[in-house]
Amino acid sequence: MSIITELAQQAKKAARTLAILSESQKNAVLTDMAAAIRANKSKIIEVNEKEVARAKENNLDAAMIDRLILNDERIEGMAEGIEVIVELDDPVGKERVIGTRPNGIEIKKMRIPLGVVCMIYEARPNVTADAGALCFKSGNAVILRGGKEALDTSLAIAQLMQDVLEKHNLPKALVTVVPNPDRALMQELMEQRDYIDVIIPRGGEGLINYVTDNAKVPVIQHFKGVCHLYVDKDADLDKALAILLNGKTQRTGVCNALEGLVVHQAVAGDFLPKVADAFKEKGVMVHVNEKGSQYFEGADVIAEDAYGEEYLGLEIAIRVVDDFDAAVEHIAQFGSNHTEVIITEDAEKGKLFQRAVDASVVMVNASSRFSDGSQLGLGAEIGIATTKLHAYGPMGLESLTSEKYLVNGEGQIRE
């Protein structure tokens, strides 16, 4: 038996142990996991610093290195994320009434775990803690296959979580990190349909496409984050500038950072000179269409069909459009179904934007950086689904469950 098949079998068996755990028992385990991560912060950083140094030596791009780095603040965020999950209601076992049939049969639905979740991801070692905690609380075992650049850090975090599981007399296979990043082993992992219920890839578009094309297990996809800010003719321009700078420059290497700015021509003359000054100060490279180029010195003038790039850096594509409909059409053509934002003081226009735009998160007068599980009250997130089966948007506890029917009768038979 191969190591991958053995890991998958063990995870499937381990998942069954969660069925008998109460919410309070789960919360006690998670509380100890958060404490273990916090208590071993220096050990995690020591391992992580070596991996970051190797990544720099191997000339990984800046966005990848940023995702790889763990420091005091980010590790504290991991621990706090687990503690937030402790405070959330356990969805498993929750029932909802569907109705009573004319023959007296009562129909309900109950939330159940998915079973075994496989995460395939690049760089982000914090995914190990986030996914482990979310899957545990929602009753799932998780198999984590991280990229080689973050393997040692992921193993260190997983070991802490496994130590806590064993302390509570639970199988450590509930949180498993594949110890070898070999591509052939990943392919074998994606074929374990007898033991793995769903695969969630997180990373670049190449990784998502590879998993989608090769997996024999259902895949929840998280494609690139090409997020736009549309500044409407009725926008408060001070709000617009603050939200633009937050979305573009606070943290550039994340999927909810802004990659596109769309501006109604009625406010372009007032707004874009302010944008030009702010971006010059921040060092943001501008790509802009001909209509908007007059407001930027030395900008890259691009064609009307040359949008849709995920820069993950201090770059942005700007387009001046004729009206609201043109803005919505631009987003439909170049967006990635991740997060879209409108700035407007017209409440009805904001509601129309939220109905018209197809994205997993659609915001009015708020930064795209809030498109995050922890910011939306989900605790940590296991990913942001940009396809609609079976989840759409940031995936928290409920997204890691399904439902089964409960049918209660009193001896009825079908005629």
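See the structure printed just above.
Computed from a prediction, not measured in an experiment: that's the story for all the values here. (Residues numbered from 1 in each chain as written. Predicted model: local features only at pLDDT ≥ 70, side-chain atom pairs only at ≥ 80, totals over all residues. Heavy atoms only, no water.)

**Q** Is there a simple way to think about the pattern of salt bridges in this case?
**A** If charged atoms from side chains of opposite charge come close, those side chains can pair. With the rule as written, the count across this model stands at 23 salt bridges. E403 is paired through a salt bridge with R96; the nearest N and O atoms lie 2.7 Å apart. In this pair, E403 is assigned in strand β16 (residues 401-408) and R96 in strand β1 (residues 95-100), connecting sequence segments 307 residues apart. Salt bridges sharing partners connect three or more residues here, namely R38, E76 and E83. (Salt bridge = Lys/Arg side-chain N within 4 Å of Asp/Glu carboxyl O. Helix = DSSP H or I, 4+ residues; strand = E, 2+ residues; numbered from the N terminus.)

**Q** When you look at the environment of L400 in this model, what are you seeing that I'm missing?
**A** Structurally, L400 can be placed in the loop between β15 (393-394) and β16. Taking the C-alpha atoms as reference points, L400 and I112, 288 residues apart in sequence, are found 8.8 Å from one another. L400 has contacts with P113, L114, V117, L134, C135, S138, N140, I200 and I382, leaving out every residue within four places of it along the chain. (Contact = heavy atoms within 4.5 Å.)

**Q** Any chance you could explain the side chain of T344 here in plain terms?
**A** With respect to the element layout, T344 can be found in the loop between β12 (339-343) and α13 (347-356). Within polar-contact distance, the side chain of T344 engages the backbone nitrogen of D346 at 3.1 Å. The contacts of T344, once residues within four sequence positions are left out, are D232, D234, A235, K349, G350, V364 and N365. (Polar contact = N/O pair within 3.5 Å; in protein donor to acceptor, adjacent residues only side chain to side chain.)

**Q** Where do I start with the packing of aromatic side chains in this structure?
**A** Aromatic rings in a pair are described by how distant their centres are and how their planes are angled relative to each other. Tallied over the full model, the rule gives four aromatic pairs. Aromatic pair Y230 and F324: ring centres 6.2 Å apart, planes at 65 degrees, arrangement edge-to-face. A residue pair is termed long-range when its members are at least 10 positions apart, and Y230 in strand β7 (residues 227-231) and F324 in helix α12 (residues 324-334) qualify at 94 residues. A single burial state applies to Y230 and to F324, both of which are buried. Here the aromatic cluster, defined as three or more aromatic residues joined through ring pairs, consists of Y230, F324 and F353. Its guanidinium or amino end placed over the ring of Y405, K109 lies 4.6 Å from that ring's centre, counting from NZ or CZ. For R183, the ring lying beneath its charged end belongs to Y210, and the centroid distance is 4.1 Å. (Phe/Tyr/Trp six-rings, centres within 6.5 Å; stacked < 30°, edge-to-face > 60°. Buried < 20%, exposed > 50% of the residue type's maximum accessible area, 1.4 Å probe, protein only. Lys NZ or Arg CZ within 6 Å of the ring centre and 35° of its normal.)

**Q** How should the state of the cysteines be read in this particular structure?
**A** Working definition of a disulfide: a covalent bond connecting the sulfur atoms of two cysteines. This structure, assessed with the given rule, holds zero disulfides. C135 carries a free sulfur, and the closest cysteine sulfur to it, the one in C118, is 10 Å from it. Take C135: its relative accessible area is 0%, and that puts it in the buried class. Unpaired in terms of disulfides, C255 finds its nearest cysteine sulfur in C227, a separation of 6.9 Å. (Disulfide = S-S within 2.5 Å.)

**Q** Sorry if this is basic, but what is going on with the sheet that holds β16 here?
**A** Backbone-to-backbone hydrogen bonds pair the strands of a sheet. The strands run either parallel or antiparallel. Across the sheet, three strands lie side by side as β1-β2-β16; this open sheet has antiparallel pairing. Across the chains shown, the open sheet's two edge strands, defined by having one partner strand only, are β1 and β16. Ignoring which end each strand starts from, the neighbouring axes of this sheet average 25 degrees apart. (Pairing = 2+ DSSP bridges. Axes fitted to C-alpha atoms, helices over the stretch in contact; angles between N-to-C directions.)

**Q** Mind showing me how you'd approach the sheet that holds β7 here?
**A** Reading across from one edge, β10-β9-β11-β8-β7-β12-β13 is the order of the seven strands in this open sheet, with parallel pairing throughout. Edge strands, defined here as strands with exactly one partner in the open sheet, are β10 (300-301) and β13 (361-364). Where β7 lies against strand β8 (residues 258-264), five bridges are found, and the strand directions are parallel. Bridged to C227 within β8 is L258. Each of β7, β8, β11 (315-321) and β12 is contacted by helix α10 (residues 237-249), which is oriented at about 160 degrees to β8, the strand it contacts most. The sheet contacts of α13 involve β7, β12 and β13, and relative to β13 the element is tilted by about 170 degrees.

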